[in-house]
Amino acid sequence: MPVGLFRVCLLVITAIVNHPLFFPKENGTVPENTEEIIQKMKEREESLRLEQLRLEQEIADQEATQKALEKAAVVVEESKEAKVRWDMWTALSMVIFLLIELWRQDFQEGNWQDIGGEEDDMAVLGKAFKGVAFPDKAVLASFYEKRILGTTGDMARMREMVEGFADDLLEALRSVCNRDADMEVEDCVGVGSMYENWRVRKPFVCDLIVPFAPPEPYCFRCQTWCSGDSFPPDEQGYGTIKVCRADEDATGCICDKTKLGEDMLCLLHSQVSSTRPSSEMEDLLCFKNTQYLDADQVMKWFQIAVTKAWNRISHKYEFDLSFSLLDSPGALKIKFKSGKSIAFNLTPVVQYENSDVYFISHFPRSSLAADIPSSTHWFLTFAVYERRFIQLVSKTLPANACHVSCLQILSFLHGKQCSLTGPSGLTNYHLKTVLLHLLQARPSQDWAPEKLEARLQDMLKFLEKCLHEKQLYHFFIGNGKVPAELGFPIIFQRAEPLNLFRPFVLRRDIYRKMVDTFHEMLRNMSALINEYTVRVPLAHTNGIRKE
């Protein structure tokens, strides 16, 4: 019973609570709130849609940016790879070029070492030698004995006479010069064929160089084409000589290199010593308005000084002295009353540092410096080292070696051919350079006297090759194999090789004349040697070609 009553009460309470009229106010506003909610939901949906569009746009922009960055990265990577490939090819090309250059230099330095000995004979001779008959050993020996050997004694006597007179003349020159203002002249040095004992053609001419130095407190500062300064290709082999005060080198003062103010003074030099009037530098034989030594001014000064010196001592001698050639300012001639004469060259030079390399003002009777860039450019001569090298090598050769004989015979033939067809660009210095190369290349025993014919052929082969290639390199410049005993300056050994035939590369007329002269000399060689050996009939000698 109680349980049933409880269930009835619970049912009544539930009915009352769930009756629709129990909460009339809340139920009356239900339709209105629903419309607002729906409107707000639509607005929210629209804002969410716009936000979604914005986010999608941002994502699309980011993707586009990412793709652009990736594309740029790919391009950069490709460019890096291309650059690496290009750098690799560049490096490989440089390596190949250097290898070719090294091979070329080695070939140039060592190619003449491959010149065969007697076993090569005529098989390796070029086209110019086809049909050429070389004199045999007996004919060459007879020719050398009758035509050349007798001149050795005459050269020795002439050298002694000229050297004695030159010493006396230079001593008189020092006495007439002002020691405080004029150049200081040193003792002369003999160079060239007369002092290397291979000159054969008369008249004999001694070549003497005279080193000189500036008066105190000045000094010479020499610059060469291989000292690091920029020299154009046509000035290789040249240098300049700057006249400076000795204290400039010692202190390294910059007062001459910068303009000081009017109220500033150099504490090392006075105002007087720091200025160099133009007239003062001209008195020091410099080119106008420069500090560079002028070769023309030097030769004028030297000629005047030699004239004054001769006037002082002329009463001691029974001959006259005069300048013999206008184009060779140092060419002097001694004229005896009997009509005989002796010619010699006295040429002023400047010593390069503490070596026996000299800057020479003029080359007597030579085309080595035919086209000097200017009078402030001085050609370098290595004549003293050339003489020493021949003397050094001669000590290692067999007795009565044929090296000097080869040069004498070739020089004689060249001189005779030039007398027939006229001078050419080929000079005796070129012939001597060929001999110097072969002396270094061939072993000592190859220069035995009985091998005169083979070595003469070697010289002609080498000269033909050089003419064909238009390349004959200076023996000392760029030659790292110079004997250490000579004390040759290392700066010239490390320099680029100097091609003595370079002037003929652009001057084809001179080159053609030089080659033609060489070919004519080969064809006339046997006839010339026979003429001066056995005195063949005139009809035979007329066969010598003149062109």
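It should be emphasised that the depicted structure is a prediction, and the values quoted were computed from it without experimental measurement.

Regarding the packing of aromatic side chains
As enumerated under the stated definition, the model contains 27 aromatic pairs in all. An aromatic cluster is built from W225, Y352, F359, F382, Y385, F389, F475, F476, F488 and F492, whose rings are joined through pairwise contacts. Its guanidinium or amino end placed over the ring of Y195, R159 lies 5.9 Å from that ring's centre, counting from NZ or CZ. In this arrangement the basic side chain of R388 is found over the ring face of Y385, its NZ or CZ atom lying 5.7 Å from the centre.

What to know about the side chain of K416
Looking at where K416 falls in the secondary structure, it is placed in helix α11 (residues 403-421). Apart from the residues lying within four places of it in its own chain, the contact partners of K416 are R201, L528 and Y532.

Considering helix α13 (residues 452-469)
The end-to-end C-alpha separation of α13 is 26 Å, in line with the 26 Å expected for 18 residues at 1.5 Å each. Where burial is concerned, most of α13 is hidden: 15 out of the 18 residues are buried. Backbone geometry just after α13 places K470 at a positive phi near 55°.

Here's the deal with unusual backbone geometry
For the bond from K202 to P203, the omega torsion is 5°, close enough to zero to count as cis. Of note, P203 is situated in the loop between α6 (193-196) and β3 (205-213). Here the bond from E216 into P217 is cis, since omega is 5°, no more than 30 degrees from zero. Along the chain, P217 turns up in the loop between β3 and β4 (218-224). A positive phi angle is found at N197, which is not glycine, with a value near 65°. Here N197 lies in the loop between α6 and β3. Overall, N197 belongs to the partly exposed group, its relative accessible area being 35%. In this structure, N289 is a non-glycine residue whose phi angle is positive, near 60°. Relative to the helices and strands, N289 resides in the loop between α8 (278-283) and α9 (295-313).

A closer look at the packing of α11 against α13
At a minimum axis separation of 9 Å, α11 and α13 run at an interaxial angle of 55°. The angle between the axes of α11 and α13 places the two elements in the oblique class. In the crossing of α11 with α13, the sense of the turn from one axis to the other is right-handed. Contact residues: S405, C406, L407, I409 and L410 in α11; L452, R455, L456, M459 and L460 in α13. A per-class count over the contact of α11 with α13 returns 8 nonpolar, 1 polar and 1 charged.

Topic: the pattern of salt bridges
One side chain can pair with another of opposite charge once the charged atoms of both are near each other. As enumerated under the stated definition, the model contains 17 salt bridges in all. The residue E58 makes a salt bridge to R54 at a minimum N-O spacing of 2.5 Å. Of this pair, E58 and R54 both sit in helix α3 (residues 30-110), separated by 4 residues, roughly a single helical turn. For E58, a relative accessible area of 33% corresponds to the partly exposed category. Linking R442 and D458 is a salt bridge whose minimum nitrogen-to-oxygen distance equals 3.4 Å. Here R442 is found in the loop between α12 (428-441) and α13, whereas its partner D458 is found in helix α13, with 16 residues between them in sequence. For the pair R442 and D458, a shared accessibility class is recorded, and that class is buried. Through salt bridges with shared partners, a single network forms among R442, D446, K451, R455, D458 and K461.

Observations concerning the pairing of β3
Along β3, 8 of the 9 residues are buried, which leaves the element largely enclosed by surrounding structure. Taken together, the 2 bridges between strand β1 (residues 184-185) and β3 define a ladder with antiparallel strand orientation. In the strand pairing of β3, V185 is matched with F212. Both strand β2 (residues 189-191) and β3 contribute to a ladder of 3 bridges, which runs antiparallel. Its bridge partner lying in β3, V191 is registered against D207. Pairing of β3 with strand β8 (residues 341-351) involves 7 bridges; the strand directions are parallel. Bridging from a neighbouring strand, V210 pairs with P348 of β8.

A look at α11
Spanning 19 residues, α11 covers 27 Å between terminal C-alpha atoms, matching the ideal 27 Å at 1.5 Å per step. In terms of residue burial, α11 counts as a mostly covered element, since 17 of its 19 residues are buried. Positive backbone phi, at 95°, marks G422, one or two positions downstream of α11.

Digging into the nonpolar core
Within the largest apolar cluster, 114 residues are counted, with the highest numbers of intra-cluster contacts made by L169, L293, F344 and L346. Among the elements that line this core, the one with the most residues is helix α16 (residues 508-534), at 10 residues. Both of domain 1 (118-149 + 396-534) and domain 2 (152-247 + 283-382) provide at least three residues apiece to this core. When sequence neighbours within four positions are dropped, the list of residues in contact with L169 reads V306, A309, W310, I313, L321, L332 and L346. If you look at the next biggest cluster of nonpolar residues, it comprises 10 residues, including I360, F363, A383 and V384.

So, how was this worked out
Residues numbered from 1 in each chain as written. Predicted model: local features only at pLDDT ≥ 70, side-chain atom pairs only at ≥ 80, totals over all residues. Heavy atoms only, no water. Phe/Tyr/Trp six-rings, centres within 6.5 Å; stacked < 30°, edge-to-face > 60°. Lys NZ or Arg CZ within 6 Å of the ring centre and 35° of its normal. Helix = DSSP H or I, 4+ residues; strand = E, 2+ residues; numbered from the N terminus. Contact = heavy atoms within 4.5 Å. Expected span 1.5 Å × (residues − 1). Buried < 20%, exposed > 50% of the residue type's maximum accessible area, 1.4 Å probe, protein only. Axes fitted to C-alpha atoms, helices over the stretch in contact; angles between N-to-C directions. Parallel < 35°, antiparallel > 145°, perpendicular 65-115°, else oblique. Left-handed = near helix turned anticlockwise from the far one by under 90°. Nonpolar A, V, L, I, M, F, W, Y, C, P; charged D, E, K, R; others polar. Salt bridge = Lys/Arg side-chain N within 4 Å of Asp/Glu carboxyl O. Pairing = 2+ DSSP bridges. Core = buried A, V, L, I, M, F, W, Y, C linked by side-chain atoms within 4.5 Å. Domains from an automatic or database assignment.

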